[in-house]
Structure formats: structure tokens, C-alpha cells
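Below are the chains, spelled out letter by letter.
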Amino acid sequence: MKRSRWALAVFLAIFPIAARAQEGGAGKVPLTSSQKLGQRVFEQRCGICHAPARGGFVMYGPYLYKNLINGSEDAIKEMIRTGTNKMPGFKYGLQSAEIDAIVEYLKTVPKPAKTAEAGGGMVD
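1. A look at the overall build of the protein
Point 1. Counting its regular elements, the protein contains five helices and two strands.
Point 2. Secondary structure elements in the protein, listed N-terminal to C-terminal, are α-α-α-α-α-β-β.
Point 3. By the burial criterion, 31% of the 124 residues in the protein qualify as buried.
Point 4. Pairs at least 24 apart in sequence give 64% of the contacts found in the protein among residues at least 6 apart.
Point 5. Put simply, the protein shows about 8100 Å² of open surface, and 57% of that area lies on carbon and sulfur atoms.

2. Topic: helix α2 (residues 33-50)
Point 1. Here α2 is 18 residues long, yet its end C-alpha atoms lie only 22 Å apart, well below the 26 Å a rise of 1.5 Å per residue gives.
Point 2. Maximal helix bending in α2 amounts to about 55°, located at Q44.
Point 3. All of the buried residues along α2 are Q35, G38, Q39, V41, F42, E43, C46, G47 and H50.

3. Quick word on the state of the cysteines
What is meant by a disulfide is a covalent connection between two cysteines, made through their sulfur atoms.
Point 1. Counted according to the given criterion, the structure contains zero disulfides.
Point 2. The thiol of C46 is not disulfide-bonded; the next cysteine sulfur, from C49, is found 8.7 Å away.
Point 3. The class for C49 is partly exposed, based on a relative accessible area of 28%.

4. Section: the nonpolar core
Point 1. Counting residues in each nonpolar core, the largest one holds 18 residues, and the members touching the most others are F42, I80, L94, I102, L106 and V109.
Point 2. Elements that contribute at least two residues to this core include exactly α2, α4 (73-82) and α5 (96-106).

5. So, the pattern of salt bridges
Point 1. For the structure shown, the criterion picks out four salt bridges.
Point 2. Notably, a salt bridge pairs E78 with R81, separated by 3.9 Å at the nearest N-O pair. A residue pair is termed a helical-turn pair when its members lie 3 or 4 positions apart in one helix, as E78 and R81 do in helix α4 at three residues.
Point 3. The class for E78 is partly exposed, based on a relative accessible area of 41%.

6. Observations regarding the packing of α2 against α5
Point 1. Where α2 contacts α5, the two axes come as close as 7 Å, and the packing angle between them is 100°. If you check the angle between α2 and α5, you find them roughly perpendicular. Where α2 approaches α5, its residues S34, Q35, L37, G38, Q39, V41, F42 and C46 are matched on the opposing element by A97, E98, A101, I102, E104, Y105 and L106.
Point 2. Along the lines of polarity and charge, the residues of the contact of α2 with α5 split into nine nonpolar, four polar and two charged.

Calculation criteria
- Residue numbers here run from 1 along each chain, matching the order of that chain's written sequence.
- Selection of residues for local features in this predicted model requires a pLDDT of at least 70, selection of side-chain atom pairs for listing and counting requires 80 or more, and totals for whole chains, interfaces and linings are taken over all residues.
- Side-chain metrics in this entry use all non-hydrogen atoms of the structure; hydrogen atoms and water are not considered.
- Helix and strand labels come from DSSP, where a helix needs a run of H or I of at least four residues and a strand needs a run of E of at least two; each type is numbered from the N terminus.
- Throughout this description, buried means an accessible area under 20% of the type-specific maximum (1.4 Å probe, protein chains only), exposed means over 50%, and partly exposed covers the range between.
- The contact rule is simple, with two residues in contact once any of their heavy atoms fall within 4.5 Å.
- Under the convention used here, a 1.4 Å probe and the Shrake-Rupley method define accessible areas, while residue burial counts only the protein chains that appear.
- Expected helix span is taken as 1.5 Å per residue step, with the number of steps being one fewer than the number of residues.
- Throughout, the bend at a residue refers to the angle made by two axes, fitted to the seven residues ending there and to the seven starting there.
- In this description, the term disulfide denotes a pair of cysteine sulfurs within 2.5 Å.
- For the purposes of this section, nonpolar cores are sets of buried Ala, Val, Leu, Ile, Met, Phe, Trp, Tyr and Cys residues that join through side-chain atoms within 4.5 Å.
- Counted as salt bridges are all cases of a side-chain nitrogen of Lys or Arg within 4 Å of a carboxyl oxygen of Asp or Glu.
- Axis definition: a line fitted to C-alpha atoms, limited for helices to the stretch in contact. Angles are taken between N-to-C directions and run from 0 to 180 degrees.
- Orientation categories follow fixed angle ranges, with anything under 35 degrees roughly parallel, anything over 145 roughly antiparallel, 65 to 115 roughly perpendicular, and all other angles oblique.
- When residues are grouped by polarity, Ala, Val, Leu, Ile, Met, Phe, Trp, Tyr, Cys and Pro land in nonpolar, Asp, Glu, Lys and Arg in charged, and all others, Gly among them, in polar.

Next up, the structure:
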């Protein structure tokens, strides 16, 4: 019981940080309803691995932003559906509209000043 409470506390502490890390800054064009859905699903399903790592935590997947997505939308959607060697597929856990929304949201995420690399490293 104590272990599950600890896990819940860690979970609740990480997701607001991950959400803020991938949000657009002030003065940006507001997100559409599809992009807001994508942001919410990304935070729930993807942020744990694809948001910048915080102290004591490792970033498992690459940081995702619009330059990585633009022009590769179909390939990214298929990767989300089927997964990769290191990432589970979500074809049974997400609806097509949710996968589409994630991609639409990621097309709004700017490249960070320093891109977090999988494994916790930073690339200039």
C-alpha cells in the first residue's frame, strides 16, 4: 500500500512538469480543440518518456517537437500505432482520432534551446 501511494505521488509530481515542458509559451496562437486533445493525450500517455527529464529521472525517448514531425506525419502516426523496439504500440489503447490529435499537437511544440536526448543527455 505504501509503495502504491509513493508511485501515485511520483506520478502526480511528474506530469504537471512534463505538461509545462511541452506547452507553448505566452503570446503563441491558441491551440485548436484537436491540438488540446492531443496535448492532453500526450501528457497522459507519452510525456513520461518524451518530456525533458527532471532531477533523478531519465528521459527514455527523444524530445518531440514540430521539426521532427512536419513532413513525417503518417510515419509518426504508424509508429504510435505499432510501436518500435523500445516503445509500445498504442493501436489498442488509443483511437485514431487521438493519435491524429497527438501529431497535430506536436506540430505546435517548438524546438527547445537544448534538445534533451534519450537517456538523459543534452544536445546543443
